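Chain by chain, the residues:
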Amino acid sequence: MTIKSFCNWIRSIYGTVEDELDCEAFTQVIPHYVDLKVAGGQAEASFPKIKQHLVQCSECCDLYHALYDIALIESQEERLQAVRSDEAQVESAELERAVMASPRVTLEPS
Ligand SMILES: [Zn+2]
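An account of the accompanying structure is given in this report. These figures come from a predicted structure and were not determined experimentally. Counting restarts for each chain, with residues numbered from 1 along the sequence as it is written. Where local features are concerned, this predicted model is filtered to residues with pLDDT of at least 70; where side-chain atom pairs are given and counted, the filter is 80 or more; whole-chain, interface and lining totals use all residues. Side-chain metrics rest on all non-hydrogen atoms present in the structure, leaving aside hydrogens and water.

Moving on, we come to a nonpolar patch on the surface. A surface patch of nonpolar side chains, about 390 Å² in accessible area, is lined by Met1, Phe6 and Trp9. With respect to the helices and strands, the residue tryptophan 9 is situated in helix 1 (residues 3-19). Candidate patch residues must exceed 30% relative accessible area and have no salt bridge, after which like charges are joined if within 9 Å and Val, Leu, Ile, Met, Phe, Trp or Tyr side chains if within 5 Å. For the area figures, the Shrake-Rupley method with a 1.4 Å probe applies, and any residue is considered shielded solely by the protein chains shown. Any carboxyl oxygen of Asp or Glu within 4 Å of a side-chain nitrogen of Lys or Arg constitutes a salt bridge here. Only DSSP runs of H or I with at least four residues qualify as helices, and only runs of E with at least two residues qualify as strands; both kinds are numbered from the N terminus onward.

Right under this line is the structure:
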């Protein structure tokens, strides 16, 4: 092994260690990871270190699952509300049409 490749080898080892997430960094990044995951994005590909830390740290794994559950429920509620407001719009449009149509019906000579 040459000096140069030895240095590169050392750097790669320490580089990897520095590159790993600690729990504090994890808690800062995890909300973004969860958001992306719930939105159906490429969470694992965007945050490869998160997955690595999840495997290594059970505490952060628990935190992730708790946050994910909350985010999932929130996104489902948002989707439900969106559907409900769509239905409400359709209903009011139908009601409007019925109200607009009814005077014409009654005014028409029989
Ligand atoms: Zn951790």
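Back to the write-up after that little detour.
In the first shell of the zinc ion, the protein supplies Cys23 (SG), His53 (NE2), Cys57 (SG) and Cys60 (SG), at 2.0 to 2.3 Å from the metal. One can describe the donor arrangement at the zinc ion as tetrahedral, given that its four donor atoms subtend angles of 99 to 115° at the metal. Sequence spacing among the residues donating to the zinc ion works out to C-x29-H-x3-C-x2-C. Taken together, the residues cysteine 23 in helix 2 (residues 23-38) and histidine 53 in helix 4 (residues 48-56) connect sequence positions 30 residues apart. Each residue is placed in one exposure class: buried if its accessible area under a 1.4 Å probe, protein chains only, is under 20% of its type's maximum, exposed if it is over 50%, and partly exposed if it falls in between. Note on cysteine 23: relative accessible area 37%, which makes it partly exposed. Judged by relative accessible area, which is 6%, histidine 53 ranks as buried. The donor set covers N, O and S atoms within 2.8 Å of the metal, switching to 3.2 Å for Na, K and Ca, and it leaves out water, so a site may look short of donors. Tetrahedral means four donors with every angle between 85 and 135 degrees, whereas square planar (four donors) and octahedral (six donors) require angles over 155 degrees between opposite donors and between 65 and 115 for all others; sites fitting neither are termed irregular.

Core analysis: the largest hydrophobic core is formed by 13 residues, its most contacted members being Phe26, Ile30, Tyr33, Val34, Ile50, Leu54 and Tyr64. The element that contributes the greatest number of residues to this core is helix 2, accounting for five residues. Any pair of residues with heavy atoms lying within 4.5 Å of one another is described as a contacting pair. Isoleucine 50 has contacts with Leu21, Phe26, Val29, Ile30 and Tyr33, leaving out every residue within four places of it along the chain. Here, nonpolar core refers to any group of buried Ala, Val, Leu, Ile, Met, Phe, Trp, Tyr and Cys residues whose side-chain atoms link them within 4.5 Å.

This part takes up the pattern of salt bridges. All told, the structure shown has one salt bridge when counted by the stated rule. When the shortest N-O distance is used, the salt bridge between lysine 37 and glutamate 44 registers 2.6 Å.

A few words on the packing of aromatic side chains. Pairing of aromatic rings covers Phe, Tyr and Trp, the last through its six-membered ring, and needs centres within 6.5 Å; plane angles under 30 degrees mean stacked, over 60 mean edge-to-face, and all others mean tilted. Applying the stated rule across the entire model yields three aromatic pairs. Judged by centre distance (6.0 Å) and plane angle (70°), the rings of tyrosine 33 and phenylalanine 47 are edge-to-face. Taken together, the residues span a long stretch of sequence, with tyrosine 33 in helix 2 and phenylalanine 47 in the loop between helix 3 (43-46) and helix 4 at a distance of 14 residues. The class for tyrosine 33 is buried, based on a relative accessible area of 1%. Pairing tyrosine 33 with tyrosine 64 gives two aromatic rings, centres 5.6 Å apart and planes at 65°, and the pair type is edge-to-face.

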